[in-house]
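The chain contents come next:
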Amino acid sequence: MQRTESIIFARLTALLPLAIFAGLCSRVPAAVGGGAIFFSWDWIPGIGVNLDVAVDGLSVLFGLIITGTGVFVVLFSADYMAGHRYYVRFFAFLHLFLLSMIGLVLADNLITLFVFWELTTVLSYLLIGFDNKNESARSHARQALLVTGAGGLVLLIGFLMIGGIVDTYRISALAEQARLLQRQTNYLFILAMVLIGAFTKSAQFPFHFWLPNAMAAPTPISAFLHSATMVKAGIYLLARFHPVLGGTEAWMGTLVGVGGVTALLGAILAVGQSDLKRMLAYTTIMALGILVMFLGGKTTPALTAAVTFLLVHSLYKSALFLVVGIIDHETGTRQIESIGGLIRSMPMTTFGAATAAMSMAGFPLFLGFIGKEIMYAGALTEEMFPAFATTAAVLSNALMAAIAGIIAIRPFLGPPRQTPRAPHEAPIGMWLGPATIGALGLVFGIFPDWVGRWLIQPAVSAFHPTVEPVQLKLFHGFNEPLLLSFLTMGLGLGLYLVRRSIRGWLADRMARLPVTGDRLYEMGMAATARTAAGLTRFIQNGSLHRYLLTIIGVFTLATAGIWALNATTRPGLLHLPSLPLAQWLLVTLMAAALGVVVVARSRVLAVCALGVIGSGAALIFLVYGAPDLALTQLLVETLTLIIVAIVLLRLPSLDKTAGLHSPGRWFDALVAVGVGTLVAALTLAVTGGPLDRQLTDFFEQNSAIAAHGRNIVNVILVDFRSLDTLGELVVVATAGLAGFSLLARRRR
Amino acid sequence: MNWILLTPELTLLLAAALFLVLACLKPDPRRDYQLAVSMAALTVAAGIACATMSGDLFNHVYRVDLFSQVFKALLSIGFFLVIFLCDDFQGVAPTHHGEGYFLLAVCTLSMMMLASAVHLLAIVLALELSSYSLYILVFLRRDSRWGMITGLRYFLVGASASAIMLFGLALIYGVTGAVHVDILIQRLPAMLDRPMVVTGLLLTLAGFFFKLAVFPFHFWAPEAYQGAPNPVAAFIAAVSKVAAVAILLRIISLAQGNSDLLTRGLIAMAVVSMTVGNLAAIAQRDFKRLMAFSSVAHAGYLLLGMLCMTPAGYAAAMFYGAAVLVMKYTCFMVMTRVAEDGGNLQIDELAGLHRRSPLLALALMMALFSLGGIPPTIGFSGKLIIFVAAMQKGYLVLVIIAMINVVISLYYYLLVLKAAYLDEPTRPRPAISLTIPARLVAVVMIVLIVGLGFYPVALLDLVQAAVLRLP
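Because the structure is a prediction, the values reported are computed rather than measured. (Residues numbered from 1 in each chain as written. Chains lettered and ligands numbered in written order. Predicted model: local features only at pLDDT ≥ 70, side-chain atom pairs only at ≥ 80, totals over all residues. Heavy atoms only, no water.)

Each helix and strand in chain B was counted, giving 19 helices and two strands. Relative to a compact globule of 471 residues, whose C-alpha radius of gyration would be 23 Å, chain B shows 21 Å and is just as compact. Taken over the C-alpha atoms alone, chain B extends approximately 65 × 50 × 40 Å along its principal axes. Counting over 471 residues, chain B shows a buried share of 69%. (Helix = DSSP H or I, 4+ residues; strand = E, 2+ residues; numbered from the N terminus. Rg over C-alpha atoms; globule rule 2.2 N^0.38 Å. Buried < 20%, exposed > 50% of the residue type's maximum accessible area, 1.4 Å probe, protein only.)

Dropping the structure here:
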């Protein structure tokens, strides 16, 4: 009972995308007229980031695709995920994802767009990893997030640079600045940043590997994210930036090249699969490649081809994914060789599969046919590499036709086979999606004119101010595209017939490829982990000695570096002969004590020698007429000496530590001498400058008048600074008392 | 002298005195905790009430202005949150709870003084007072295996940093003859091309870099975090960074944006900190060590904002300082609640957290996403503001390096997240029960992380107004 209720509730949430869908439909008439509406709310106005929203033909088309498929995916998931432990959480993520996608295509601000872009990435991470009992699902979710998330950050660099040049983040304001941007010396760099962002999201070669791996996600998620919406975000971005960065040779060459290679690679890899879902994933990569390739053009036919194929692909691919989901759900397997004859038990699913596959294969009367025709027309007019583009298009389409056959014929026709579960028709919520979307492909195919006028034309003109109107017709007459269509069908049929023999051969070839994106990713991850471990072992090895050495070493090198590079004066040398004999003696004594510290084998001896150095310093203060300083120094020195000596008595002797002959100690000595020299030099340099006599003058004039004393030091100590002196005395006394009480407690 | 200006400090002083007395009486953890929370709440009230006051105290050694007061409000909030986390305070023996609260109060007090001090000697005094409180707080760890060793290391690294800082201060005084910030501002700009001045400034900064855990003064961080009682680690990771940002801004702004040498030095430290911190974090298995290295990396991001030496950069650093407080506190809050008996927490012990406590798991996820700079969180807005400020100064390469670092950091934050959300525990563990106030704080932290991500303007306006008080 509980379960049925939650399913009904889940189905009801489909009203959310439906409402947005209806809202966007109401914008279609205005979009046809080329109108766009803008909204804006302040967000972080200080840096020019606002919630700008623009609704034009392109965003409407994408929004309709997102919400349209969204409705059916929600309905589908209500049954598909029924009984799942985190049912509610799943729908929360799904709807959040849908809203972020809508936000992405409506955003008119680069930073806002980026925010939604990363949100879709994060939510897709949560959705891919949803099947969290599966270890591969978890690691693949992470891979998808790292690849697309990193791509997103690269994109952000590009956005920030663009913002820096044109001084606005409004996307609708960028097209006017296209010339300015394209004249920049770092135009190529910006372009690379934006393209890498789009390529990672839309799974272009060489970043394509994450998409098939992400198929670990629940099937409705694959249908929604990995065919109709999220992977199209990169395509959307390329279309949006077409008038801004597009039209240059770099743009066209890269897009046509990368897109074409991706399309061919995806098609070849698709044939090599036997898992239905992975096969669909590779055909998605192929389709994305084709889209990128056509966005590389700048003629109306090429761009129209891109937009039309976008719609075509979203329709048939989401339907097919949902069909695969049904097969998986009802039979318990996705292995193509173990399914057959489903038409008898699942008629409605078969209808959805057949219509979608025929659209995919490009049969006449289906939208796919229109898409293919316009695609060939576009390929032939490509500015750069038209021959390559046409070849890639024909080959991919032929492979696509073959795959459509594999997916739609194989599981449904022929004798029924033994499957883990006895197949039966899915609940209505599940087959409704594929059947409706599949039928839509047929309806649109029969009335292409309508689709062209209301959806394609406004979308194309939103990013390409067209001179000639877009023409979508069922029959364009006998021309080159039609010829190519026949060629495609023939090739596709041939490929379908020899599929078994090439599948094994291809799979074998692919396994032997020396470098793939997937392996590079794995190698990169492993190398990072190794570097991290090595670095930690090297710098954070737990040895205090190493830490202090690093700190002092960096201090010495940095300071010396600053001086070596920038100093104009050298610190003056001491006037050695002018030193009185007493001071020579003191210095010698301290030097000797230092030697004792270094070679001492007993801790107490070393500490005592340190005490000698400290007392020597106190004596130097005394010689220079600072009795107060000398006194304090002596007191502190004595206290420290006593406390340290008591602590050290409890420690093991020094005998076992490294002697003078270990290289480590020589290195330590080097650092010590270095830092000593440096500090001495700096002190000399700073005391070499003129003294500030302000205070001296004040005390010279005032000590006799105000305090009736001639000895300035005495007057300062007991008159001007008497409270300070008192404080110092209290501190030293307290420290002594505290030390004493600690000792007394020990003895007790 | 207007003592009202000192209300937050006086409240803390009162709290410290109270706990000094209580520490001598018979220990009663319940009473101590309730008193501590009340005093901390009073401090927050005082900190916020005095947020807009201004004036000079103690012969102009102590400056109360919007800059210092915003930091004090942040510090008092952080103090309250950390005290709140001490409800079981398992890492410290019950007899020492009083001392713990006393030291936390003294440390917060000295960090407030750090935000207000405008005299170099006052700065040193405040800095040392806060450092020494922390050394002893680390020692308080009940498990002597940790407390003693790490406390001593923390102290020795800190003492080295202090020595270097004092030498730097001596150099500055030697060259300029000034120890007051106001006079330094007049004298320094003309001398900034002199290597002596730059050396002095950089060495002075060393003491504060130690607080912020910037390479190479970061060595203490992993071990101190690991060795400290959990709430103390939270205090070091979240609250003390805020004070470090305050004083670094105060000193770096002395250069008034026209020292190439200083900028170059800061760039080097920022880049090395980010990279070393993020790379080393990957290799960690202990939650607190991982957070420590992530702190090192975040110190790099903070420096990136500061080294712009523009009001936008300072505001960005200040904003990000507040963000670090929120994010790091949330992580440590979750860690403290999950760790058993106040012990340390391995990352794989987080497994199944989303079932043991969905609220804590959500809080951890939000905090990690925020640390990783994923929108719409406070960590994202903070990083964005820093990056924009850096781009305005033309530091494209730096921004790219920072972005690469963000990607690296994403990797290990995801490892933690995976443990909390996706992994199954090896043996079943009981659900974590939270008191209603604890739940409330967790919810507030989530709201802050997401809320300030969506709507950063209020805080941003505040910090922008605050940094205008800097020269």
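Glancing now at the overall build of chain A. Across its full length, chain A holds 32 helices and two strands. Against the globule reference of 27 Å for 748 residues, chain A gives a C-alpha radius of gyration of 39 Å, more extended than a compact globule. Dimensions along the principal axes, computed over C-alpha positions, put chain A at roughly 115 × 60 × 50 Å. When each of the 748 residues of chain A is scored for burial, the buried share is 50%. Long-range contacts, defined as pairs at least 24 residues apart, comprise 78% of the intrachain contacts of chain A with a sequence gap of at least 6. Carbon and sulfur atoms provide 70% of the accessible area of chain A, an area that totals close to 33,000 Å². Charge separation in chain A, taken as the distance between the mean sites of 48 positive and 36 negative side-chain charges, equals 11 Å. (Contact = heavy atoms within 4.5 Å. Areas by Shrake-Rupley, 256 points an atom, 1.4 Å probe, with all protein chains shown as cover. Lys, Arg positive; Asp, Glu negative; His and termini not counted. Charge placed at Lys NZ, Arg CZ, Asp CG, Glu CD.)

Take the pattern of salt bridges next. Side chains that carry opposite charge are capable of pairing whenever their charged atoms lie near each other. One pass over the structure, following the stated rule, counts 12 salt bridges over all chains. Put simply, A:Asp449 and A:Arg453 hold a salt bridge, and the shortest N to O gap is 3.9 Å. Of this pair, A:Asp449 and A:Arg453 are both found in helix α21 (residues 448-463), four residues apart, which corresponds to roughly one turn of the helix. Exposure remark for A:Asp449: the relative accessible area of 47% places this residue in the partly exposed category. What makes A:Arg453 partly exposed here is its relative accessible area of 45%. Of the charged contacts in the structure, one is a salt bridge between B:Glu223 and B:Arg153, with a shortest N-O distance of 3.1 Å. Residue B:Glu223 is located in helix α9 (residues 220-227), and its partner B:Arg153 is located in helix α6 (residues 144-176); the two are separated by 70 residues in the primary sequence. (Salt bridge = Lys/Arg side-chain N within 4 Å of Asp/Glu carboxyl O.)

This brings us to unusual backbone geometry. Residues and elements named next belong to chain B. The residue after Phe215, namely Pro216, is reached through a cis peptide bond having omega 0°. Among the structural elements, Pro216 can be located in the loop between α8 (195-212) and α9. With omega at -10°, the peptide bond leading from Pro375 into Pro376 counts as cis. Tracing the backbone through its elements, the reader meets Pro376 in the loop between α15 (358-371) and α16 (378-392).

Moving on, we come to the interface of chain B and chain A. A common way to report how large an interface is uses the accessible area buried once the components associate. The interface is formed by 66 residues belonging to chain B together with 60 residues belonging to chain A. Carbon and sulfur atoms supply 79% of the area buried between chain B and chain A, which totals about 5,800 Å² over both sides. Three residues stand out in chain B for area buried against chain A, namely B:Phe219, B:Tyr411 and B:Leu422, and they jointly supply 11% of the buried area on that side. Between chain B and chain A we count zero salt bridges in total. Across the contact surface, chain B and chain A share one residue pair in polar contact (both at pLDDT 80 or more). Counting residues per element, the side of chain B that touches chain A draws most heavily on helix α17 (residues 396-421) of chain B, which supplies 12 residues. For the side of chain B that touches chain A, the per-class residue count stands at 51 nonpolar, eight polar and seven charged. (Buried area = accessible area lost by both parts, 1.4 Å probe. Polar contact = N/O pair within 3.5 Å; in protein donor to acceptor, adjacent residues only side chain to side chain. Nonpolar A, V, L, I, M, F, W, Y, C, P; charged D, E, K, R; others polar.)

All names here are of chain A. Residue position: Lys201 is located in helix α9 (residues 187-201). In this structure, Lys201 is buried with no salt-bridge partner, the nearest side chain bearing the opposite charge being Glu118 at 5.4 Å. Polar side-chain contacts of Lys201 include one of 3.0 Å to the backbone oxygen of Trp117. At a separation of 2.8 Å, a polar atom in the side chain of Lys201 contacts the side chain of Thr120. Residues contacting Lys201, with those up to four places away along its chain left out, are Trp117, Thr120, Thr121, Thr148, Trp210, Met230, Val231, Ala233 and Gly234.

We now examine the packing of aromatic side chains. Taken as a whole, this structure holds 32 aromatic pairs over all chains when the rule is applied. Judged by centre distance (5.1 Å) and plane angle (75°), the rings of B:Phe67 and B:Phe71 are edge-to-face. Placement of both B:Phe67 and B:Phe71 in helix α3 (residues 66-84) is noted, with a separation of four residues, approximately one turn of the helix. Judged by relative accessible area, which is 0%, B:Phe67 ranks as buried. An angle of 55° between the planes, with centres 6.5 Å apart, marks the rings of B:Phe215 and B:Phe219 as tilted. An aromatic cluster of three or more residues is present, and its members are B:Tyr132, B:Tyr135, B:Tyr154, B:Phe155, B:Phe210, B:Trp220, B:Tyr225 and B:Phe332. Above the face of the A:Trp117 ring, A:Lys201 is positioned so that its terminal group lies 5.0 Å from the ring centre. Seen from the ring of A:Phe538, A:Arg546 lies directly overhead, with NZ or CZ sitting 5.3 Å from the centre. (Phe/Tyr/Trp six-rings, centres within 6.5 Å; stacked < 30°, edge-to-face > 60°. Lys NZ or Arg CZ within 6 Å of the ring centre and 35° of its normal.)

So, on to the side chain of A:Thr350. Residues and elements named next belong to chain A. One can find Thr350 in helix α17 (residues 347-361). Taking relative accessible area as the criterion, Thr350 reaches 10% and is therefore assigned buried. Those residues within four positions of Thr350 in sequence are excluded, and the remaining contacts are Leu342, Ile343 and Phe412.

Residue and element names in this part refer to chain A. Following both chains from N to C, one finds helix α6 (residues 110-128) and helix α12 (residues 232-245) inclined at 170°, their axes separated by 12 Å at the closest point. Viewed along their axes, α6 and α12 adopt a mutual orientation that is roughly antiparallel. Across the interface between the two elements, Leu110, Leu113 and Trp117 from α6 touch Ala233, Gly234, Tyr236, Leu237 and Phe241 from α12. (Axes fitted to C-alpha atoms, helices over the stretch in contact; angles between N-to-C directions. Parallel < 35°, antiparallel > 145°, perpendicular 65-115°, else oblique.)

Burial analysis of strand β2 (residues 49-55) of chain A places six of its seven residues in the buried class, which makes it a mostly covered element. Counting the residues that bridge the hairpin from strand β1 (residues 37-44) of chain A to β2(A) gives four residues, and of these A:Gly48 lies at a positive phi of roughly 75°. (Pairing = 2+ DSSP bridges.)

Here the focus is the pairing of β1(A). Direction of pairing for β1(A) relative to β2(A): antiparallel, over a ladder of seven bridges. Across the sheet, A:Trp41 pairs through a bridge with A:Leu51, a residue of β2(A).

We now examine the packing of helix α4 (residues 57-80) of chain A against helix α20 (residues 428-446) of chain A. All names here are of chain A. At their nearest, the axes of α4 and α20 sit 7 Å apart, and the two run at 155° to each other. Overall, the two elements α4 and α20 adopt an arrangement that is roughly antiparallel. Between α4 and α20 lies a crossing of left-handed hand. Across from Thr69, Phe72, Leu75, Phe76, Asp79 and Tyr80 in α4, the residues of α20 making contact are Gly429, Met430, Leu432, Gly433, Thr436 and Ile437. Looking at side-chain class alone, the contact of α4 with α20 contains seven nonpolar, four polar and one charged residues. (Left-handed = near helix turned anticlockwise from the far one by under 90°.)

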